[in-house]
Amino acid sequence: MRIRTATPADAAALAAVEAACFPPAEAATAAEIADRLAHYANHFWILEEDDGTVVSFVDGMVTDEPKLRDEMYENAAFHNEDGAWQMIFGVNTLPEYRQHGYAGELLRRAIDDARKQGRKGLVLTCKERLIHYYAKFGFVDEGVSEKSTHGNVVWHQMRLTF
């Protein structure tokens, strides 16, 4: 297994992993993933097998806005490479590869990269049942998001500040 950042050629593989991980109302479409890759492929961290099979990925844009809002999922042009905050849109692992620590490896890499890039920290939203998982990485629950109801779901905003 190896970790790398994405290229536009990864769009179909990433869309397939996304579709396997989220319900349709929450999953990014293939077109949205391709648009994100066109704007910030270097903010997709991919874990793949030696044969190139993508098994897990973490992605998100960079912005100066301190809160993650739904419009960011839909419009990759909000990305600002010099922004203060690394947003995390998705933590995706194919079901058959879960419970091996792969998502954690990718999150630690994203955190490390954001720190090295001089960001203030990272922001993500998650369902209540996952708050404890992200807390293990230093994320702090800021309560129910007032800016995100993506997929008609209640999301908690979590922040890791350096």
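Keep in mind the model is a prediction, meaning the values are calculated, not measured.

**Student:** What exactly am I supposed to notice about the state of the cysteines here?
**Tutor:** Simply put, the disulfide is a covalent bond whose two ends are the sulfur atoms of two cysteines. With the rule as written, the count across this model stands at zero disulfides. The thiol of Cys 21 is unpaired, and the distance to the nearest cysteine sulfur, on Cys 126, comes to 15 Å.

**Student:** Explain the layout of surface pockets to me, please; I cannot follow it from the model alone.
**Tutor:** Sizing a probe to match a water molecule and rolling it over the atoms shows the empty space that remains. There is about 780 Å³ of room inside the largest pocket. Breaking the lining of the largest pocket down by element, the ones donating at least two residues are helix 1 (11-21), strand 6 (90-93), helix 4 (102-116), strand 7 (121-126) and helix 5 (131-135). Here the lining of the largest pocket gets four residues from one element, more than from any other, and that element is strand 6. When grouped by side-chain class, the residues that make up the lining of the largest pocket number 19 nonpolar, nine polar and eight charged.

**Student:** Would you take a moment to explain the side chain of Arg 119 for this structure?
**Tutor:** Mapping Arg 119 onto the fold places it in the loop between helix 4 and strand 7. From its side chain, Arg 119 meets the backbone oxygen of Glu 81 in a polar contact 2.9 Å long. A polar atom in the side chain of Arg 119 sits 3.1 Å from the side chain of Gln 117. In contact with Arg 119, not counting residues within four places along its chain, are His 43, Val 62, Glu 81, Asp 82, Gly 83, Ala 84, Ala 114 and Phe 162.

**Student:** Whenever I open this one, the packing of aromatic side chains confuses me. Can you help?
**Tutor:** Here the structure, examined in full by the defined rule, presents six aromatic pairs. Both rings, one in Tyr 40 and one in Phe 44, keep their centres 6.0 Å apart while their planes meet at 25°; by these two values the pair is stacked. For Tyr 40, a relative accessible area of 0% puts it in the buried group. Judged by centre distance (6.0 Å) and plane angle (20°), the rings of Phe 44 and Phe 57 are stacked. Of this pair, Phe 44 sits in strand 2 (residues 44-48) while Phe 57 is found in strand 3 (residues 54-59), placing the two residues 13 residues apart along the sequence. Of the two residues, Phe 44 and Phe 57, neither departs from the other in class, the shared state being buried. Put simply, the rings of Tyr 133, Tyr 134, Phe 137 and Phe 139 pair up and form one aromatic cluster.

Conventions and cut-offs
Residues numbered from 1 in each chain as written. Predicted model: local features only at pLDDT ≥ 70, side-chain atom pairs only at ≥ 80, totals over all residues. Heavy atoms only, no water. Disulfide = S-S within 2.5 Å. 1 Å grid on protein atoms, 1.4 Å probe; cavity = no way out; pocket = protein on both sides within 12 Å on 5 of 7 lines; lining within 4 Å. Points joined across faces, edges and corners; volume = space filled by probe spheres on them. Helix = DSSP H or I, 4+ residues; strand = E, 2+ residues; numbered from the N terminus. Nonpolar A, V, L, I, M, F, W, Y, C, P; charged D, E, K, R; others polar. Polar contact = N/O pair within 3.5 Å; in protein donor to acceptor, adjacent residues only side chain to side chain. Contact = heavy atoms within 4.5 Å. Phe/Tyr/Trp six-rings, centres within 6.5 Å; stacked < 30°, edge-to-face > 60°. Buried < 20%, exposed > 50% of the residue type's maximum accessible area, 1.4 Å probe, protein only.

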